[in-house]
Amino acid sequence: MKAAVYYAPGDIRVEDRPEPEPAGNNLLAEVLCCAICGTDLKLATIGNPRCHPPRIIGHELIARITHVGSQVGGFAVGERVTLATTVACGDCAYCDLGLGNMCPNAMPISYDFDGGFAEFLAIPPAAIAGGNVITVPDLVLDQFAALSEPLSCAINALELAGFKAGDSMVVLGGGPLGALHAELAKAVGASKVMVVQRSEPRLSLLRRLKDVIVIDGSEDVEALVKAETRGLGADVVVMSAPTREAHESSIRLARKGGAVSLFASLPSGASQITLDSRVVHYGELRVVGASDSRPEHVAKAVKLMESGKIDLSAVITHKVALADIHEGLALMKNKQSLKVLVYPRGSGS
Ligand SMILES: [Zn+2]
Ligand SMILES: [Zn+2]
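As a starting point, this report considers the structure included with it. (Residues numbered from 1 in each chain as written. Chains lettered and ligands numbered in written order. Predicted model: local features only at pLDDT ≥ 70, side-chain atom pairs only at ≥ 80, totals over all residues. Heavy atoms only, no water.)

## Considerations on the side chain of His-67
Within the secondary structure layout, His-67 lies in strand S5 (residues 60-68). There is a polar contact of 3.4 Å between the side chain of His-67 and the backbone nitrogen of Gly-69. When neighbours within four sequence positions are excluded, His-67 is seen to be in contact with Pro-22, Ala-23, Asn-26, Leu-27, Leu-28 and Val-77. (Helix = DSSP H or I, 4+ residues; strand = E, 2+ residues; numbered from the N terminus. Polar contact = N/O pair within 3.5 Å; in protein donor to acceptor, adjacent residues only side chain to side chain. Contact = heavy atoms within 4.5 Å.)

And the structure:
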């Protein structure tokens, strides 16, 4: 079968690989579609020591089950499934706390197990036992179901930030995850959603999102956000841009009593930021981190899609065949896309 395999930083090859083997304790599935994540782009550029090469990458996927091991219950051939990426150990203090995404022994799909940029995928016993395999109802189209995992990360982040219906939100950074945050906030019942982005063509891509105020980051962002929020600032500010400058300015966009979600990670070795304590202290701001998601969040993402309350069509800007994955990675790298979907058996439709 054809697969995209990570060998070393910047070295991803589309090549023939043996199809995964059926076993009594695993599931096999035919990958229908797999979206490119920022972490895939990172492997394609600077690499990541957590990914063990040679490894088939890709984790934002929808797949149809073709084999159910005799020891596996709860799944049937023909069902479509998506995955929560982080396979937690289930046996440590963080797993006991219900924080599997913080598990120090976690084995992510596409780092420790082969992922979805391939025609077929083996779903390992640990992922089945960990509840990482989420069934997708017929109503949800492949292209949207493939975004369950990134949407689940936004769900985790907005839950941690305490975002609720009627709240306003501003996202700094209008990449794929910024756009997903915007669509999620609308689905939750946001009173106002703003996205700040500096460069074209992403500014134009973001203008495809309905009922979202797109702010050009080269303008006076603080003044524009305050003008939209009765002079207060937003209830929730989401940091979805990996720059120090944006992080440091984020607290000035939140209203007093509001929250700032540090969703994007800054590069290792360049992650120290300065926050004005007086703004946080006198404003009773909550600055919260958010990283990854757990199976429960992926299940919520799928349910939200099934409800029809969220429409991700404007977030998907490109579809490519697996053979052309480097084109898709280049689109992401050059910020010419929002989400790019990869189809192992063709260019999709
Ligand atoms: Zn991802
Ligand atoms: Zn654990």
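And the narrative resumes.
## Brief notes about the coordination of the zinc ion (ligand 1)
Working reference: metal with six octahedral donors, ideal angles 90 or 180 degrees; metal with four tetrahedral donors, ideal angle 109.5 degrees. Here the zinc ion (ligand 1) is held by the protein donor atoms Cys-37 (SG), His-59 (NE2) and Glu-60 (OE), which lie 2.1 to 2.5 Å from it. If you list the donors of the zinc ion (ligand 1) from N- to C-terminus, the spacing comes out as C-x21-H-E. Residue Cys-37 is found in the loop between strand S3 (27-35) and helix H1 (38-45), and its partner His-59 is found in the loop between strand S4 (55-56) and S5; the two are separated by 22 residues along the sequence. Residue His-59 is classed as buried on the basis of its relative accessible area, which comes to 5%. (Donors = N, O, S within 2.8 Å, 3.2 Å for Na, K, Ca; no water. Buried < 20%, exposed > 50% of the residue type's maximum accessible area, 1.4 Å probe, protein only.)

## Observations concerning the nonpolar core
Nonpolar side chains in soluble globular proteins tend to be buried together. In this structure, Leu-151 and Leu-312 are the most contacted members of the largest nonpolar core, which totals 52 residues. Top contributing element to this core by residue count: helix H6 (residues 176-188), with seven residues. Residues contacting Leu-151, with those up to four places away along its chain left out, are Leu-180, Leu-184, Ala-301, Leu-304, Met-305, Ile-310 and Leu-312. (Core = buried A, V, L, I, M, F, W, Y, C linked by side-chain atoms within 4.5 Å.)

## Considerations on the coordination of the zinc ion (ligand 2)
Donor atoms from the polypeptide that bind the zinc ion (ligand 2) are Cys-89 (SG), Cys-92 (SG), Cys-95 (SG) and Cys-103 (SG), placed at 2.3 to 2.4 Å. Here the donor residues of the zinc ion (ligand 2) are spaced in sequence according to C-x2-C-x2-C-x7-C. Judged by relative accessible area, which is 33%, Cys-89 ranks as partly exposed. Residue class for Cys-92 comes out buried when judged on its relative accessible area of 12%.

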